[in-house]
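# Close look at the chain arrangement
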Amino acid sequence: MIKKISAGELRPGMYIHDLNCGWMDHPFASKRFKVDSLKVVEKVRAIGIHELYIDTSKGLDLIHAPTESEAAEARQADLERLADKAAKAALKPIKVSAAEEREKASRVQDEARRVATDLMQNVRLGRQIEVARVEPVVGEMVDSVFRNKDALISLGRIREADQYTFQHSVNLCVLMVAFAKTIGLDHDTITRIGIGAMLHDIGKMKVPEEILNKPGKLTDEEFAVMRGHVTLSANLLTESPDIDPISIAVAYEHHERWDGTGYPRKLKGDEISQFGQMSAIVDVYDAITSDRCYHTGMHPTDALGRMLEWSKYHFNPLLTQQFIQCVGIYPVGTVVRLESGRLAVVVEASDKNMLQPVVRVVYDMRKKQFITPRDIDLSRASDTRTDRIVGHEEADKWGIKTRVILASKI
């Protein structure tokens, strides 16, 4: 049985099933292993892990600990309470639909990926960062997000594992820009945040490739080198002309943690700038939802639940809630299971309730066949029936091509 325990309850003889943290936040070869000494226990606690999951069938049990399913139910309840809270707030209607914006957003995303790839490759060759190349594409991203944030966010769900470093920088930029708009920051500040997000991992280009792309466990020395990319990024940006302090803060502080267990400076609470607090949240979200050659990404809804749980320790709790409101509990492009037994793709966020987006039904689970696509606004009663989301599914499992469905017109 899988159970959730606090790090203070971890003992030798227990089998860790899940370290319950982002993959880059720990130096272990796997998230699953037998604890064979107090040294391992101390190492787990030292890296800032507060809660984790054990497998009682492979190691010692803790009788009173909640099961994995009970922990998942608690996370879902927290998300639903957040959705109810957001529904009571005054939400501004979007300017254009995601469908209208998606074609423009796709062009902006392609250009952003080209710029990010070129910039990083140039830095690897020893050339200076060309901030002037970043500003125009970030400006276009900001404009797209102001028209409809969900168009660009949904495109970020389509990515290739072997292009992670470049795509992660673009995705972080998109998500940071959308996040900044959601909390009401001004256009100029949002642009500077976006530039910092696009360049936040630029220091990785100075990390030896054999460490950066190593598929197996990093040694303690290699792990320290990898963590050094944050300082390298800050140094590279500081040396670049016309770079703004906000942009540097986004890059320098994206691995800091609310409880002071982050790096490189172990800043705590409001010692971390607002922009660093934001980038810490967004960086982890994109990292844990991304597929890598050695890491299968978490479903966005599950990731948001985990992050809400982690915000007790690692992130600014209020900003975490605001980020979840920004992307939605069921982000555009995710596949959801409806009470009616149908599968649908989320095509538009609702301005009324995060649990009731606009979805495009595409598959009948009972008949095990695709059906004629139809859009349903779950926040409104249908002429013939009502429906609601009861869970989420992986698109690949059902052969659902989300990008094709989002791009199609019905």
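Use the structure listed above.
Let us look at the structure shown here. (Residues numbered from 1 in each chain as written. Predicted model: local features only at pLDDT ≥ 70, side-chain atom pairs only at ≥ 80, totals over all residues. Heavy atoms only, no water.)

Now for the overall build of the chain. Secondary structure assignment for the chain yields 15 helices and nine strands. Buried positions account for 56% of the 410 residues belonging to the chain. In the chain, the proportion of contacts linking residues at least 24 apart, taken out of those at least 6 apart, comes to 69%. Roughly 18300 Å² of accessible area belongs to the chain as shown, and the carbon and sulfur atoms make up 51% of that amount. Here the chain carries 57 positive and 59 negative side-chain charges, and the mean point of each set is 4 Å from the other. (Helix = DSSP H or I, 4+ residues; strand = E, 2+ residues; numbered from the N terminus. Buried < 20%, exposed > 50% of the residue type's maximum accessible area, 1.4 Å probe, protein only. Contact = heavy atoms within 4.5 Å. Areas by Shrake-Rupley, 256 points an atom, 1.4 Å probe, with all protein chains shown as cover. Lys, Arg positive; Asp, Glu negative; His and termini not counted. Charge placed at Lys NZ, Arg CZ, Asp CG, Glu CD.)

At a minimum axis separation of 8 Å, helix H9 (residues 229-238) and helix H10 (residues 245-252) run at an interaxial angle of 165 degrees. Relative to H10, the element H9 lies roughly antiparallel. At the point where H9 passes H10, the crossing takes the right-handed sense. Here H9 contributes Val 230, Thr 231, Ala 234, Leu 237 and Thr 238 to the contact with H10, which in turn contributes Ser 247, Ile 248, Ala 251 and Tyr 252. Taken together, the residues of the contact of H9 with H10 break down into six nonpolar, three polar and no charged. (Axes fitted to C-alpha atoms, helices over the stretch in contact; angles between N-to-C directions. Parallel < 35°, antiparallel > 145°, perpendicular 65-115°, else oblique. Left-handed = near helix turned anticlockwise from the far one by under 90°. Nonpolar A, V, L, I, M, F, W, Y, C, P; charged D, E, K, R; others polar.)

A few words now on the sheet that holds strand E8 (residues 369-377). To summarise the sheet geometry, strands pair through backbone hydrogen bonds and adopt either a parallel or an antiparallel arrangement. Read from one edge of the open sheet, five strands run E8-E7-E6-E5-E9, paired in antiparallel fashion. Since the sheet does not close on itself, it has two edges, and those belong to E8 and strand E9 (389-393), each with one partner. With direction set aside, neighbouring strand axes in the sheet form an average angle of 35 degrees. Across six bridges, the pairing between strand E6 (residues 342-348) and strand E7 (residues 358-364) is antiparallel. Of the residues in E7, the one forming a bridge with Val 346 is Val 359. (Pairing = 2+ DSSP bridges.)

Excluding glycine, a negative phi dihedral is what most residues carry, and trans is how most peptide bonds are arranged. Backbone torsion omega between Tyr 263 and Pro 264 reads 10 degrees, so that peptide bond is classified as cis. Relative to the helices and strands, Pro 264 resides in the loop between H10 and helix H11 (274-288). For Lys 266, which is not a glycine, the phi torsion comes out positive at approximately 55 degrees. Along the polypeptide, Lys 266 turns up in the loop between H10 and H11.

Taken together, the four strands give an open sheet; going across it, the order is E1-E4-E2-E3, and neighbouring strands pair in antiparallel fashion. Looking at strand neighbours, the two that pair on one side only are strand E1 (2-6) and strand E3 (33-34), the edges of this open sheet. Of the pairings in the sheet, the one linking strand E2 (residues 15-18) to strand E4 (residues 51-55) comprises two bridges and is antiparallel in character. Opposite Asp 18, over in E4, you have Tyr 53 as the bridge partner.

Another point: the side chain of Thr 334. The residue Thr 334 is located in the loop between helix H13 (317-327) and strand E5 (335-338) in this model. In this structure the side chain of Thr 334 is engaged in a polar contact, spanning 2.7 Å, whose partner is the backbone oxygen of Pro 331. (Polar contact = N/O pair within 3.5 Å; in protein donor to acceptor, adjacent residues only side chain to side chain.)

What follows deals with the environment of Gln 274. Examined against the element boundaries, Gln 274 turns out to sit in helix H11. Sequence-wise, Gln 274 and Asp 377 are 103 residues apart; in three dimensions their C-alpha atoms are separated by 35 Å.

Evaluation of the coordinates by the stated rule reveals 25 salt bridges. Residue Lys 3 pairs with Asp 61 through a salt bridge whose shortest N-O separation is 3.1 Å. Placement of Lys 3 in strand E1 and of Asp 61 in the loop between E4 and helix H2 (68-87) is noted, with a sequence separation of 58 residues between them. Looking at Asp 61, the relative accessible area reads 37%, which means it is partly exposed. Counted as one network, the salt bridges with shared partners bring together Lys 4, Glu 51, Arg 75, Glu 309 and Lys 312. (Salt bridge = Lys/Arg side-chain N within 4 Å of Asp/Glu carboxyl O.)

The next thing to look at is the side chain of Asp 283. Relative to the assigned elements, Asp 283 resides in helix H11. The side chain of Asp 283 sits in the buried core without any salt bridge; Arg 257 is the nearest counter-charge, 5.3 Å away. Beyond its immediate sequence surroundings of up to four residues, Asp 283 is in contact with His 168, Leu 172, His 200, His 254 and His 255.

One pass over the full model with this rule turns up five aromatic pairs. Each ring, one from Tyr 363 and one from Phe 370, has its centre 5.0 Å from the other, and the planes form 85 degrees; the classification is edge-to-face. Aromatic rings pair up to connect Phe 179, Tyr 285 and Phe 323 into one cluster. Over the ring of Phe 146 we find Lys 181, and its NZ or CZ is 5.4 Å from the ring centre. (Phe/Tyr/Trp six-rings, centres within 6.5 Å; stacked < 30°, edge-to-face > 60°. Lys NZ or Arg CZ within 6 Å of the ring centre and 35° of its normal.)

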